[in-house]
Amino acid sequence: MTKILSLLKYLLLAVSVVAVIVVAVNGEDGVGFILNWAYIMFGIGVVVTILLPLFNLAQNPRGALRSLIGLAVVVVVVGIAWAMASTEPVVNSAGGYFTNHGELKISDTGLITTYIAFGLAVLVVVLGEIRNSFK
């Protein structure tokens, strides 16, 4: 199984390198190819992200509680970010405005979620160092 995964890894890397070379050589004509490859890679990432925790759950049912707690924390953080997100129009580079409320809400939610995650990561590092200094 390890050989297959290693071979698959190198295959995906080779196709990605070819995609970058196609764009470098063909310019804008190669953008469609690399975009399609990016969609494929994104799809593979989504499928793997969904399937691997299910396999882990089948092998370690007790670990499911920790996973559910982690998922609940993520849902709460995204919910807080969604509540804080604004749909106020944003000026674009052409002097117009971005006015699609759905896109504005989702992009603002993503930014706020990133800020919260970064803040929590820094807090965990600082608290971990403080805890380790007392050991």
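Higher on the page you've got the structure.
Parameters and conventions
- All residue numbers refer to position in the chain's written sequence, counted from 1.
- Local features in a predicted model are, by the rule used here, given only for residues with pLDDT of at least 70; side-chain atom pairs are given and counted only at 80 or more, and totals for whole chains, interfaces and linings are based on all residues.
- Only hydrogens and water are set aside when side-chain values are computed; all heavy atoms of the structure are taken into account.
- Of the grid points, spaced at 1 Å and generated over the protein atoms alone, those admitting a 1.4 Å probe that cannot get out make up cavities, while open sets with protein on both sides within 12 Å along at least five of seven lines make up pockets; any residue with an atom within 4 Å of a point is treated as lining.
- Grid points are joined across faces, edges and corners, and a volume is the space filled by probe spheres set on the points.
- Think of it this way: any DSSP run of H or I at least four residues long counts as a helix, any run of E at least two long counts as a strand, and we number them from the N terminus.
- Here the term charged refers only to Asp, Glu, Lys and Arg, the term nonpolar to Ala, Val, Leu, Ile, Met, Phe, Trp, Tyr, Cys and Pro, and the term polar to all other amino acids, Gly among them.
- Two aromatic rings, drawn from Phe, Tyr or Trp (for Trp, its six-membered ring), form a pair once their centres lie within 6.5 Å of each other, and the interplanar angle then sorts them: stacked below 30 degrees, edge-to-face above 60, tilted otherwise.
- Lysine NZ or arginine CZ positioned within 6 Å of the ring centre and within 35 degrees of the ring normal marks a charge as sitting over the ring.
- Only the stretch in contact is used when fitting a helix axis, every axis being a line fitted to C-alpha atoms; angles between N-to-C directions are given from 0 to 180 degrees.
- Any angle between 65 and 115 degrees counts as roughly perpendicular, while under 35 counts as roughly parallel, over 145 as roughly antiparallel, and the rest as oblique.
- In a left-handed crossing the near helix is turned counterclockwise from the far helix by less than a right angle, and in a right-handed crossing that turn is clockwise.
- Contacts between residues were defined by any pair of non-hydrogen atoms, one from each residue, lying within 4.5 Å.
- Each residue is assigned to one of three classes by its accessible area relative to the maximum for its type, calculated with a 1.4 Å probe on protein chains only: buried under 20%, partly exposed between the two thresholds, exposed over 50%.
- N or O atoms closer than or at 3.5 Å make up a polar contact, with two conditions inside protein: a donor-capable atom paired with an acceptor-capable one, and, for residues adjacent in sequence, both atoms drawn from side chains.
- Here the positive residues are Lys and Arg and the negative ones are Asp and Glu; neither His nor the chain ends is included.
- Counted as salt bridges are all cases of a side-chain nitrogen of Lys or Arg within 4 Å of a carboxyl oxygen of Asp or Glu.
- For a helix, the expected span equals 1.5 Å multiplied by the residue count minus one.

Tell me what's going on with the layout of surface pockets, and back it up with residues and numbers.
The space that makes up the largest pocket amounts to roughly 220 Å³. As for the largest pocket, its lining consists of I50, P53, L54, N56, L57, N60, G63, A64, S67, L68 and L71. Contributions of two or more residues to the lining of the largest pocket are made by α2 (31-59) and α3 (63-84). Grouping the constituent residues of the lining of the largest pocket by class yields 7 nonpolar, 4 polar and no charged. Here the second largest pocket defines a volume of roughly 170 Å³. Forming the boundary of the second largest pocket are L5, L8, L12, I44, V48 and L52.

Tell me about the packing of aromatic side chains, residues and numbers included.
Summed over the entire model, instances satisfying the criterion amount to 0 aromatic pairs. Looking at K105, its charged tip hangs above the ring of W82, at a distance of 5.2 Å from the centre.

An account of the packing of helix α1 (residues 2-26) against α2 is requested, with residue identities and associated values reported.
Where α1 meets α2, the closest approach of the two axes is 8 Å, and the angle between their N-to-C directions is 155°. Taken together, the axes of α1 and α2 lie roughly antiparallel to each other. As for the relative orientation of α1 and α2, their crossing is left-handed in sense. Between α1 and α2, the contacting residues are L12, V15, S16, A19, V20, V22 and V23 on the first element and V31, F33, I34, W37, M41 and I44 on the second. Tallied by class, the residues present in the contact of α1 with α2 amount to 12 nonpolar, 1 polar and no charged.

I'd like to hear about the environment of H101, residue by residue, with values.
As for its position among the elements, H101 is in helix α4 (residues 101-133). Residue H101 is classed as partly exposed on the basis of its relative accessible area of 49%. Here the side chain of H101 touches T87 through a polar contact of 3.4 Å, landing on its backbone oxygen.

Could you give an account of the environment of L7, naming the residues involved and the relevant values?
Structurally, L7 is set in helix α1. Judged by relative accessible area, L7 falls into the exposed class, the value being 63%. Along the sequence, L7 and M41 sit 34 residues apart, while their C-alpha atoms lie 16 Å from each other.

I'd like to hear about the side chain of K105, residue by residue, with values.
Relative to the assigned elements, K105 resides in helix α4. D108 provides the closest opposite charge to the buried, unpaired K105, separated from it by 7.3 Å. A distance of 3.2 Å separates the side chain of K105 from the backbone oxygen of A85, its partner in a polar contact. Once residues lying within four places of it in the same chain are set aside, the contact partners of K105 are W82, A85, S86 and T87.

Could you give an account of α4, naming the residues involved and the relevant values?
Compared with an ideal rise of 1.5 Å per residue, which puts 33 residues at 48 Å, α4 spans 48 Å between its outermost C-alpha atoms and is within 8% of the ideal. Where α4 is concerned, the buried positions are L104, K105, T109, I112, T113 and G128. Along its buried surface, α4 packs onto α3, β1 (90-91) and β2 (97-98). Between a side-chain oxygen at the N-terminus of α4 and the backbone nitrogen of G102 the separation is 3.0 Å; the capping residue is N100.

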